[in-house]
Amino acid sequence: MKTIAQFVKDRITTPADLQDALQIAMQLEFSTIPPYLCAQWSIDSDPSDVADMIEGIVVQEMYHFALAGNMLAAIGGVPNITNAAFIPSYPTNVLPGGIPQKLAVDLQPLTPEQAQVFMQIEYPEFPPVALAAAPATIGAFHDTIADGFKTVNPPINPNAFSVTSGEAKPIKTIADALAAISLIKGEGEGTAGSPDQPPAGNKTFAHYYVFKEIFVGKTLVQDAAGHWSFSGAAIQFPTTFKFQQSTATPSRSFAFNQALSQLLIGLQACWKSGAKPNIGAMFNLRTLGVGLITQGIRPEFLWVPLA
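Residues numbered from 1 in each chain as written. Predicted model: local features only at pLDDT ≥ 70, side-chain atom pairs only at ≥ 80, totals over all residues. Heavy atoms only, no water.

1. What to know about the nonpolar core
Within soluble globular proteins, side chains that are nonpolar tend to cluster in buried spots. Counting residues in hydrophobic clusters, the biggest one holds 87 residues, and the most contacted among them are Ile54, Met71, Phe141, Ile145 and Phe149. A total of 14 residues in this core trace back to one element, the largest contributor, which is helix α4 (residues 50-74). (Core = buried A, V, L, I, M, F, W, Y, C linked by side-chain atoms within 4.5 Å. Buried < 20%, exposed > 50% of the residue type's maximum accessible area, 1.4 Å probe, protein only. Helix = DSSP H or I, 4+ residues; strand = E, 2+ residues; numbered from the N terminus.)

Written as structure tokens, this is what we have:
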């Protein structure tokens, strides 16, 4: 399958390329969720409700993942998420689609250093690594997918199965697909802007700015002249539970991995057979993950075959 840089360079001109690009988009969105969840679940004392700030980002990433799947299903594709290759191996310096990372993306407790990793992931228009040639950005990838919908003009099945929850809506027209891509860009990776000046018109801050508020310890506020600065109300950095990878056999994370695999199987069934999202499966995963972390054990986020 092509890398994001190849899609941006060659453009999307066939239905097969559009389906492949959306599959990569699903994997890219999903790849941010395990590190963010581990950071959120590690929080202990939290006077400034930082856990809620991170949870809001995680929920949006889940919606973005679902929207990419809904777009793929609407053009006749089938999301492929129930296999070991779909879940990245952490730590990693390359996100799905070949996006390089200077700071390794790993499953760690929330620390100022980990907040910097998250800022790197969500950097506006995503040029986090200085390369000899300008890198293809996630923002450019989203634009390429949008252009691909316009160029290919694929038939849309308005009755395609979808994940329908919150911001995740069915895709019934090309216009719906373009609106979904715009939402993903506006809320998360690929937002055009600067590290200190969020784009005008956004109802809420994109993920980069929320993580920077946590890192700086101040909210982002706008003065009367329209200038932004991280100089608002103080945000106290929370205390956290520390955890590390277990070397025990059998793996202490096995039940958690079973729950993760069951969650992905349930989500794929939404696109294949019209099943409803299993909200309880997500709460079960959270309960198991928090339980591991409070015992000092890292949730592994690995695919395991289910009997």
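Once you've had a look at it, read on.
2. What about helix α7 (residues 174-187)?
The first and last C-alpha atoms of α7 sit 20 Å apart over 14 residues, in line with the 20 Å expected at 1.5 Å per residue. Taken residue by residue, α7 has Ile174, Ala177, Ala180, Ile181, Ile184, Lys185 and Glu187 as its buried positions. Buried residues in α7 make contact with α2 (15-31), α4, α6 (138-152) and α8 (207-216). (Expected span 1.5 Å × (residues − 1). Contact = heavy atoms within 4.5 Å.)

3. As for the packing of aromatic side chains
Between two aromatic rings, the relevant description is the distance of the centres plus the angle of the planes. As enumerated under the stated definition, the model contains 14 aromatic pairs in all. When the centroid spacing of 6.2 Å and the interplanar angle of 55° are considered together, the rings of Phe65 and Phe86 count as tilted. Placement of the pair is Phe65 in helix α4 and Phe86 in the loop between α4 and β1 (92-95), with a sequence separation of 21 residues. One exposure class covers both Phe65 and Phe86, and it is buried. One aromatic cluster is present, formed by Phe30, Phe65, Phe86 and Trp271 through successive ring pairs. (Phe/Tyr/Trp six-rings, centres within 6.5 Å; stacked < 30°, edge-to-face > 60°.)

4. Structural notes on the pattern of salt bridges
One pass over the full model with this rule turns up seven salt bridges. In this structure, Arg298 and Asp106 form a salt bridge, with 3.0 Å as the shortest nitrogen-oxygen distance. One end of the pair, Arg298, is in the segment after α10 (279-294); the other, Asp106, is in the loop between β2 (99-105) and α5 (112-121), and 192 residues separate them in sequence. An identical accessibility class is assigned to Arg298 and Asp106; each is buried. In this structure, the salt-bridge partner of Asp143 is Lys185, at a minimum N-O distance of 3.0 Å. In this pair, Asp143 is assigned in helix α6 and Lys185 in helix α7, connecting sequence segments 42 residues apart. Lys185 gets classed as buried once you look at its relative accessible area, which sits at 16%. Connected via shared salt-bridge partners are Lys2, Lys9, Asp10 and Asp17. (Salt bridge = Lys/Arg side-chain N within 4 Å of Asp/Glu carboxyl O.)

5. So, the pairing of strand β4 (residues 228-234)
Along any regular strand, the residues point their side chains to alternate faces of the sheet. Across four bridges, strand β3 (residues 218-222) lies against β4 in antiparallel orientation. What sits directly across from Gln222, in β4, is Trp228. Hairpin connection between β3 and β4: a loop of five residues separates the two successive antiparallel strands, and Gly226 in this loop has a positive phi of roughly 90°. (Pairing = 2+ DSSP bridges.)

6. So, the packing of helix α3 (residues 33-41) against α4
At a closest axis distance of 9 Å, the pairing of α3 and α4 adopts a crossing angle of 160°. As judged from the angle between their axes, α3 and α4 are roughly antiparallel. Regarding α3 and α4, the two cross each other, and that crossing is left-handed. Contact residues: Ile33, Tyr36, Leu37 and Gln40 in α3; Ala51, Ile54, Glu55, Ile57, Val58, Glu61 and Met62 in α4. Looking at the contact of α3 with α4, its residues break down into eight nonpolar, one polar and two charged. (Axes fitted to C-alpha atoms, helices over the stretch in contact; angles between N-to-C directions. Parallel < 35°, antiparallel > 145°, perpendicular 65-115°, else oblique. Left-handed = near helix turned anticlockwise from the far one by under 90°. Nonpolar A, V, L, I, M, F, W, Y, C, P; charged D, E, K, R; others polar.)

7. Quick look at the confidence of the model for the protein chain
With 92% of its residues at a pLDDT of at least 70, the protein chain reaches an overall mean of 91. Within the protein chain, the element-level pLDDT minimum falls on β3, averaging 92, and the maximum on α3, averaging 98. (pLDDT = per-residue confidence, 0-100.)

8. Some details on the packing of helix α9 (residues 254-273) against α10
Where α9 contacts α10, the two axes come as close as 9 Å, and the packing angle between them is 160°. With respect to their mutual orientation, α9 and α10 come out roughly antiparallel. Note that α9 runs across α10; the crossing there is left-handed. From α9, Ala255, Phe256, Ala259, Leu260 and Leu263 reach across to α10, where they touch Ala281, Met282, Asn284, Leu285, Leu288, Gly289 and Leu292. Here the residues of the contact of α9 with α10 sort into 10 nonpolar, two polar and no charged.

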